[in-house]
Amino acid sequence: MKKIHLFLSVLFLLFVQINLWGQVTVTGATGTAGPYTTLKGAFDAINAADQSGNNIVITITASTTETATASLTGAGGMWTSLIIYPTATGITISGNIAFPLVDLNGADNVTIDGRVNQTGVTDLTITNLSTLNTAGTSTIRFINDATNNTVMYCNLKGSSTGGISSGNTYTGVVLFSTSTGTTGNDGNTIDNNYITSSTNVNRPTNAIASTGSDGEENSG
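Here, residues in each chain are numbered from 1, in the same order as that chain's written sequence. Side-chain atom pairs in this predicted model are given and counted only at pLDDT of 80 or more, local residue features only at pLDDT of at least 70, and totals for whole chains, interfaces and linings cover all residues. Calculated side-chain values reflect all of the structure's heavy atoms, with hydrogen atoms and water omitted.

Draft legend 1. Structural detail: the pattern of salt bridges. The working definition used for a salt bridge is a side-chain nitrogen of Lys or Arg within 4 Å of a carboxyl oxygen of Asp or Glu. Tallied over the entire structure, the rule returns 3 salt bridges. Between Asp44 and Lys40 there is a salt bridge, with the nearest N and O atoms lying 3.0 Å from each other. Separated by 4 residues within a single helix, Asp44 and Lys40 lie in helix H2 (residues 39-47), roughly one turn from each other. Only protein chains enter the accessibility calculation, which uses a 1.4 Å probe. A residue is then buried if its area is under 20% of the maximum for its type, exposed if over 50%, and partly exposed in between. Among the residues examined, Lys40 registers a relative accessible area of 27% and is labelled partly exposed. Its salt-bridge partner being Arg115, residue Asp113 comes within 2.8 Å of it at the nearest N-O pair. As far as the burial class goes, Asp113 and Arg115 line up, both buried. Strands are runs of DSSP state E lasting at least 2 residues, helices are runs of H or I lasting at least 4, and numbering of each runs from the N terminus.

So, in structure tokens, the structure goes:
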């Protein structure tokens, strides 16, 4: 009986370790050993290597808590495609950050698909609990010529209180921001998402907001 209990205890500890140490996996990328405990960890590894021509898949196997912005830049070289989706139901990517939770900073051809294994109904929840009006506070931000990206079948939640009518600080659950590039944040799609507050008592000023830069408007 003691051997059975020990065996079950080992299995339980292994299960806990897998869920704590490997919520985010990456395939098809260069220089990413993984798995990662946060989406930020996966993004940082992708940013650090030349991903030119790669078709990258990021799977979320359990909920993550982000303590800093998960920023995807493609700094080393842009991939051909990058797809993010959950592999189980009830997964949440969450944080309390006075800045974007997920930042597509000059990143192109990214798809965030909230359906389990890219089939079925809306499931993945992405939520920024911050109620601050700090400029850029958002759940997902597009900035610096982030183009041809898609966010679909996700529960997008935020509670930022700044906005176009609040000191021009520009916040939103989804924020199309400014650009230091050449064209603006163009050709992006927000499709079949539920966009709401992170808690019922903290309603965001804007669900979707767009600012843009002179001569580099957000379009398409």
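Draft legend 2. Layout of the environment of Gln51. Within the secondary structure layout, Gln51 lies in the loop between H2 and strand E2 (55-60). Judged by its relative accessible area of 0%, Gln51 is buried. In sequence terms Gln51 and Gly74 are 23 residues apart; their C-alpha atoms lie 7.4 Å from each other. Among residues more than four places away in sequence, those in contact with Gln51 are Ala29, Thr30, Ala45, Ile46, Ile56, Gly77, Met78 and Trp79. Contacts are assigned to residue pairs with any non-hydrogen atoms lying within 4.5 Å of each other.

Draft legend 3. The arrangement of the packing of aromatic side chains in detail. Whether two aromatic rings pair depends on their centres lying within 6.5 Å, for rings of Phe, Tyr and Trp, where Trp uses its six-membered ring; planes under 30 degrees apart make the pair stacked, over 60 edge-to-face, and the rest tilted. All chains considered together, the criterion is met by 1 aromatic pair. Ring centres of Phe142 and Phe176 lie 4.7 Å apart, and the angle between their planes is 10 degrees; on these two criteria the pair is classed as stacked. Of this pair, Phe142 sits in strand E10 (residues 138-143) while Phe176 sits in strand E13 (residues 172-176), and the two are 34 residues apart along the sequence. Since its relative accessible area comes to 0%, Phe142 is described here as buried. Each ring is checked for a lysine NZ or an arginine CZ that lies within 6 Å of its centre and within 35 degrees of its normal; such an atom marks a charge sitting over the ring. Over the face of the ring belonging to Phe99 we find Arg141, whose NZ or CZ atom lies 4.8 Å from the ring centre.

Draft legend 4. Molecular detail of the sheet that holds strand E12 (residues 155-158). When DSSP locates at least two bridges between a pair of strands, those strands are taken to pair. With parallel pairing, the 5 strands of this open sheet are ordered in space as E3-E6-E9-E12-E15. Sheet topology places strand E3 (64-66) and strand E15 (194-197) at the edges, where each strand pairs with a single neighbour. Between one strand and the next, the sheet's axes are offset by a mean angle of 15 degrees, whatever the strand orientation. Two strands pair when backbone bridges link them, and strand E9 (residues 125-128) and E12 are joined in this way by 4 bridges, in the parallel orientation. From the neighbouring strand, Thr127 faces E12, where its bridge partner is Lys157. Think of each axis as a best-fit line through the C-alpha atoms, taken over the contacting stretch in the case of a helix, with angles from 0 to 180 degrees between the N-to-C directions.

Draft legend 5. Highlighting the nonpolar core. Counting residues in hydrophobic clusters, the biggest one holds 36 residues, and the most contacted among them are Leu39, Ile58, Leu72, Leu82, Val110, Ile112 and Ile126. In terms of residue count, H2 provides more of this core than any other element does, 5 residues in total. Setting aside chain neighbours within four positions, we find Ile126 in contact with Ile93, Leu101, Val102, Ile112, Thr139, Ile140, Cys154, Asn155, Leu156 and Lys157. Buried residues of nine kinds, namely Ala, Val, Leu, Ile, Met, Phe, Trp, Tyr and Cys, make up a nonpolar core once their side-chain atoms join them within 4.5 Å.

Draft legend 6. Quick look at the sheet that holds E13. If you walk across this open sheet you meet the 5 strands as E4-E7-E10-E13-E16, and the pairing is parallel. In this open sheet, the two strands that pair with only one neighbour each are strand E4 (70-72) and strand E16 (208-210). Shown here is a sheet whose adjacent strand axes are inclined to one another by a mean of 15 degrees, direction ignored. In the sheet, E10 pairs with E13 via 4 bridges, with the strands oriented parallel. The residue bridging Ile140 from the neighbouring strand is Val174, located in E13.

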